[in-house]
Amino acid sequence: MSLPPQSDVVIIGAGAAGLMCALTAGQRGRRVLVLDHGKRPGRKILLSGGGRCNYTNMYAEPANYLSSNKHYCKSALSRFTQWDFQAMVDKHGIAWHEKTLGQLFCDNTAKDIVDMLLAECDQAGVTICNRVEIGEIEALESGSYQIQTSEGAVTAESLVVATGGLSFPTMGSTDFGYRVAKQFGHNIVPSRPALVPFTLPQELMKRFADLPGISTEVIASCNNASFREALLFTHKGLSGPAILQVSSYWQKGNEITINWLPDIDVEEWLKSQRDARPKASLATLLTEHLPKRLATVFAEWIGEKGEACQWRRESMDKMISMLSDCRITPNGTEGYKKAEVTMGGVNTDQLSSKTMGSRLQDNLYFIGEVVDVTGHLGGFNFQWAWASGHCAGLFV
Ligand code: FDA
């Protein structure tokens, strides 16, 4: 494969952010070359949302993002909104639906989104080359960049790093972006897996041994963040949207809190049940609100086997706290292998929130997940990729 030796813009990474940046810059008449070491563009898009791509969220706003500088994402998110992306989806006649909580998905497959981005890139004259290994990058005296690749050297006036984070290494994730950032003097906010299932200590796994596959709606909280969504028991611990969300706020050693009965006042309910059904056991009563197997495990965990009319005050207190304010300390997460995103990344303090450009090095840009901006679960990470990619595309 021969690469065009000279371009206006080289973008490394043909993922969500890189493709959006490429089509925006191409539409401005820039000669854009996108390089990626993977087999095909947009691999994480194809995999996302269970194959249907949760491509944005109707309620996307800065409060849905974590970053060392919570203001950084505001400008880009307001200049390229979820409705701007939706307009492109509609222009391409892609069928879509809202699943829940403003999450927008393709009706058919995530390939619709990749095909749309590739069609826009094609129309804008963008060249995309896959299976290209990237080597040394040099800033030339002229202000341009020379990039060594497995297909020869290429030069460009602007260099955009869109290589994503470390999650899902099977999808070609590398620390390349962090290395380039360091090369040009940027600080990196230490990274860790986020939107990731928790693993639990052995004694809890024993207690939950019969529960893998069971899902129930809860309010999960950690470090002042709370999410009401489904929790799923797994063979290694806990997952499901509520757990993935709180994992982004969790650090080793922290406990998480779970309200297993988010629809009711537990104390009121227990008292009313004790009066109305004095002969019933806790396990039986709990099946009104929890899956049967979970109800049984809970009653055993609380240690209350007697009839409701025999419940003592201490036992009631234990039930109330275990059911509405249950504290669990995970012993870890399933790591980058299972994490949807990476927290941390290129420190935003040395980047322009208007152009996504480096404040230390001319014509060098960082977009998407490689930057220290991490969205909640629900289409917010793609919205950041689209917004940051679009904004950089206007300046490169
Ligand atoms: P992205 O990771 O998409 O692209 C980076 C590109 O750079 C890749 O193509 C990679 O091959 C390339 N690259 C890396 N290192 C390189 C190197 N050294 N040389 C050359 N190329 C290199 N988000 C959301 O909003 N809704 C959803 O439904 C989902 N679902 C989802 C499911 C799963 C399983 C995962 C793992 C993630 C999600 N996400 C998500 C998160 C979302 O996929 C992610 O935030 C975006 O893809 C980030 O876009 P980027 O373009 O920044 O990186």
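Since the model is a prediction, treat every value here as computed from it, not as a measurement.

Caption draft 1: Structural context of the pattern of salt bridges. Enumeration according to the criterion identifies 16 salt bridges in this entry. Between Asp8 and Arg30 there is a salt bridge, with its nearest N and O atoms 3.9 Å apart. Residue Asp8 is located in strand β1 (residues 6-12), and its partner Arg30 is located in the loop between α1 (16-27) and β2 (32-35); the two are separated by 22 residues in the primary sequence. Its salt-bridge partner being Arg327, residue Glu255 comes within 2.7 Å of it at the nearest N-O pair. With Glu255 in the loop between α8 (241-247) and β16 (256-259) and Arg327 in strand β17 (residues 326-328), this residue pair connects regions lying 72 residues apart in the sequence.

Caption draft 2: Representation of the site of the ligand within the structure. Around the ligand sit 30 residues in total, of which Ala17, Asp36, Thr174, Glu369 and Phe382 are the nearest. Within the contact set of the ligand, a nitrogen atom lies 3.3 Å away from a backbone nitrogen or oxygen of His37. In this structure, Phe382 approaches the ligand through a main-chain N or O atom, which is 2.8 Å from an oxygen atom. Within the complex, 94% of the 1000 Å² of free accessible area of the ligand lies under protein. Take the shell around the ligand: its biggest share by element is four residues, from helix α13 (residues 380-393). Partitioning the shell around the ligand into residue classes produces twelve nonpolar, 13 polar and five charged.

Caption draft 3: Region of the structure containing the UniProt feature "domain: RsdA/BaiN/AoA(So)-like Rossmann fold-like" (unreviewed entry) in the chain. UniProt marks residues 8-393 with the feature "domain: RsdA/BaiN/AoA(So)-like Rossmann fold-like" (unreviewed entry), using the numbering shown here. Within residues 8-393, the helical portion is 32% and the strand portion 25%, while the C-alpha atoms at the span's ends are 12 Å from each other.

Caption draft 4: Molecular detail of the domain arrangement of the chain. Taken domain by domain, the chain comprises domain 1 (6-193 + 340-393) and domain 2 (198-333). In this assembly, eight residues from domain 1 lie in contact with eleven residues from domain 2. Taken over both partners, the interface formed by domain 1 and domain 2 buries close to 790 Å², and the fraction arising from carbon and sulfur atoms is 51%. Area buried by domain 1 at its contact with domain 2 is led by Arg192, His376 and Leu377, which between them contribute 57% of it. Connecting domain 1 to domain 2 are zero salt bridges. Residues belonging to the side of domain 1 that touches domain 2 are distributed by class as follows: five nonpolar, two polar and one charged.

Caption draft 5: Focus on the UniProt feature "domain: RsdA/BaiN/AoA(So)-like insert" (unreviewed entry) in the chain. Under the present numbering, the feature "domain: RsdA/BaiN/AoA(So)-like insert" (unreviewed entry) in UniProt falls on residues 192-341. Helix and strand shares over residues 192-341 are 35% and 23% respectively, and the end C-alpha atoms of the span are 9 Å apart.

Caption draft 6: Molecular detail of the packing of helix α9 (residues 266-276) against helix α12 (residues 313-324). Running from amino to carboxyl end, α9 crosses α12 at an angle of 135°, the nearest separation of the two axes being 9 Å. By the criterion of interaxial angle, the relationship of α9 to α12 is oblique. Considering how the two elements wind past one another, α9 and α12 form a crossing that is right-handed. Of α12, the residues touching α9 (which contributes Val266, Glu267, Leu270, Lys271 and Arg274) are Arg313, Met316, Met319, Ile320, Leu323 and Ser324. For the contact of α9 with α12, a count of residues per class yields six nonpolar, one polar and four charged.

Caption draft 7: Region of the structure containing the sheet that holds strand β5 (residues 96-98). Pairing in this open sheet of three strands is antiparallel, and the strands run β3-β6-β5 from one edge to the other. The sheet is open, and its two edges are formed by β3 (54-57) and β5, each paired on a single side. With direction set aside, neighbouring strand axes in the sheet form an average angle of 30°. Across three bridges, β5 lies against strand β6 (residues 103-106) in antiparallel orientation. The partner of Trp96 across the bridge, within β6, is Cys106. Together, β3, β5 and β6 form the strand contacts of helix α4 (residues 82-91), whose direction differs from that of β3 by roughly 135°.

Caption draft 8: Region of interest: α12. With twelve residues, α12 extends 16 Å between its outermost C-alpha atoms, agreeing within 8% with the 16 Å of an ideal straight helix rising 1.5 Å per residue. Looking at α12, one finds that the buried residues are Ser315, Met316, Met319, Ile320, Met322 and Leu323. For α12, the elements touching its buried residues are β16, α9, α10 (282-286), α11 (292-302) and β17.

Caption draft 9: Structural detail: the packing of α1 against α13. Direction vectors running N to C along α1 and α13 enclose 30°, while the axes themselves pass 7 Å from each other. Our pair here, α1 against α13, has a crossing hand that is right-handed. In contact with Ala16, Ala17, Met20, Cys21, Thr24 and Ala25 of α1, α13 contributes Phe382, Ala385, Trp386, Gly389, His390, Ala392 and Gly393. Considering only residue class, the contact of α1 with α13 consists of nine nonpolar, four polar and no charged.

Rules used throughout
Residues numbered from 1 in each chain as written. Predicted model: local features only at pLDDT ≥ 70, side-chain atom pairs only at ≥ 80, totals over all residues. Heavy atoms only, no water. Salt bridge = Lys/Arg side-chain N within 4 Å of Asp/Glu carboxyl O. Helix = DSSP H or I, 4+ residues; strand = E, 2+ residues; numbered from the N terminus. Near = heavy atom within 4 Å. Polar contact = N/O pair within 3.5 Å; in protein donor to acceptor, adjacent residues only side chain to side chain. Areas by Shrake-Rupley, 256 points an atom, 1.4 Å probe, with all protein chains shown as cover. Nonpolar A, V, L, I, M, F, W, Y, C, P; charged D, E, K, R; others polar. UniProt positions renumbered as here; feature names shortened; annotations may be inferred. Domains from an automatic or database assignment. Contact = heavy atoms within 4.5 Å. Buried area = accessible area lost by both parts, 1.4 Å probe. Axes fitted to C-alpha atoms, helices over the stretch in contact; angles between N-to-C directions. Parallel < 35°, antiparallel > 145°, perpendicular 65-115°, else oblique. Left-handed = near helix turned anticlockwise from the far one by under 90°. Pairing = 2+ DSSP bridges. Expected span 1.5 Å × (residues − 1). Buried < 20%, exposed > 50% of the residue type's maximum accessible area, 1.4 Å probe, protein only.

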